[in-house]
Amino acid sequence: MKKILVVCGNGLGSSFIVEMNVKKILVELGVEAQVSHTDLTTSKTEQADIYLGSADIVNQLNDGTRTVVALQNILNQAEIKGALQKYFVEA
């Protein structure tokens, strides 16, 4: 099962909201994945298949080995769905 880690600056409110939206969208897509949220510092030591978050934050994780999904608007469910479809439906 794939693991998606939602990342934000403090790992509190916004990442939790995005986590809930990701879970809802995955159900719509018929995809099973483990989803959790955390702050940027902690995310650097956690293993995940996909790191998802705001472009200004999550791009700091892009070391060439991680799959990083940078969102322009973390509350835009259509953008989140499009990003997830790229990794789960088209794969």
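In this report, the structure presented in the accompanying data block is examined. (Residues numbered from 1 in each chain as written. Predicted model: local features only at pLDDT ≥ 70, side-chain atom pairs only at ≥ 80, totals over all residues. Heavy atoms only, no water.)

Moving on: the side chain of Lys3. Take Lys3: it is sitting in strand S1 (residues 2-8). Polar contacts involving the side chain of Lys3 include one to the main-chain carbonyl oxygen of Gln47, which spans 3.4 Å. (Helix = DSSP H or I, 4+ residues; strand = E, 2+ residues; numbered from the N terminus. Polar contact = N/O pair within 3.5 Å; in protein donor to acceptor, adjacent residues only side chain to side chain.)

Our focus in this paragraph is the packing of aromatic side chains. Applying the stated criterion across every chain yields a total of 0 aromatic pairs. In this structure, Arg66 packs its charged tip against the face of Tyr51, placed 5.3 Å from the ring centre. (Phe/Tyr/Trp six-rings, centres within 6.5 Å; stacked < 30°, edge-to-face > 60°. Lys NZ or Arg CZ within 6 Å of the ring centre and 35° of its normal.)

Following the criterion strictly, the structure yields 4 salt bridges and no others. Between Lys23 and Glu19 there is a salt bridge; the shortest N-O distance is 2.9 Å. In this pair, Lys23 and Glu19 both sit in helix H1 (residues 13-29), 4 residues apart, roughly one turn of the helix. Owing to a relative accessible area of 35%, Lys23 belongs among the partly exposed residues under this scheme. For Glu19, a relative accessible area of 6% puts it in the buried group. Residue Glu28 pairs with Lys81 through a salt bridge whose shortest N-O separation is 3.4 Å. Of this pair, Glu28 sits in helix H1 while Lys81 sits in helix H4 (residues 77-88), and the two are 53 residues apart along the sequence. Overall, the relative accessible area of 28% leaves Lys81 in the partly exposed class. (Salt bridge = Lys/Arg side-chain N within 4 Å of Asp/Glu carboxyl O. Buried < 20%, exposed > 50% of the residue type's maximum accessible area, 1.4 Å probe, protein only.)

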